[in-house]
Amino acid sequence: MAEKMVTIYIDEYPRRCEESKIPLVLENIERLKQEYLKKGIPKEMLDKMYTVRIVKDED
């Protein structure tokens, strides 16, 4: 049976991935935010830029 797919909206832009990859995607987003923080981007701006919403596909 094929793995279920989800749609991840990052700042309202949809991206599709396998459900098992969600932790990796979230980890990568957090890593990217940390890099921007080190470069001096305000945390409030990053939180607005990287809003995440996960929608599971219907069967």
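Residues numbered from 1 in each chain as written. Predicted model: local features only at pLDDT ≥ 70, side-chain atom pairs only at ≥ 80, totals over all residues. Heavy atoms only, no water.

For helix α1 (residues 22-38), spanning 17 residues, the distance from its first C-alpha to its last is 25 Å, which sits close to the expected 24 Å at 1.5 Å a residue. The elements touched by buried residues of α1 are β1 (5-10), β2 (13-18), α2 (43-49) and β3 (52-56). In the segment just after α1, G40 is the residue with positive phi, at about 100°. (Helix = DSSP H or I, 4+ residues; strand = E, 2+ residues; numbered from the N terminus. Expected span 1.5 Å × (residues − 1). Contact = heavy atoms within 4.5 Å.)

V6, I8, I10, C17, I22, I29, L46 and Y50 form the largest nonpolar core, which has 8 residues in total. When residues of this core are traced back to their parent elements, those giving at least two are β1 and α1. In terms of residue count, β1 provides more of this core than any other element does, 3 residues in total. Among residues more than four places away in sequence, those in contact with I10 are R15, I29, Y50 and T51. (Core = buried A, V, L, I, M, F, W, Y, C linked by side-chain atoms within 4.5 Å. Buried < 20%, exposed > 50% of the residue type's maximum accessible area, 1.4 Å probe, protein only.)

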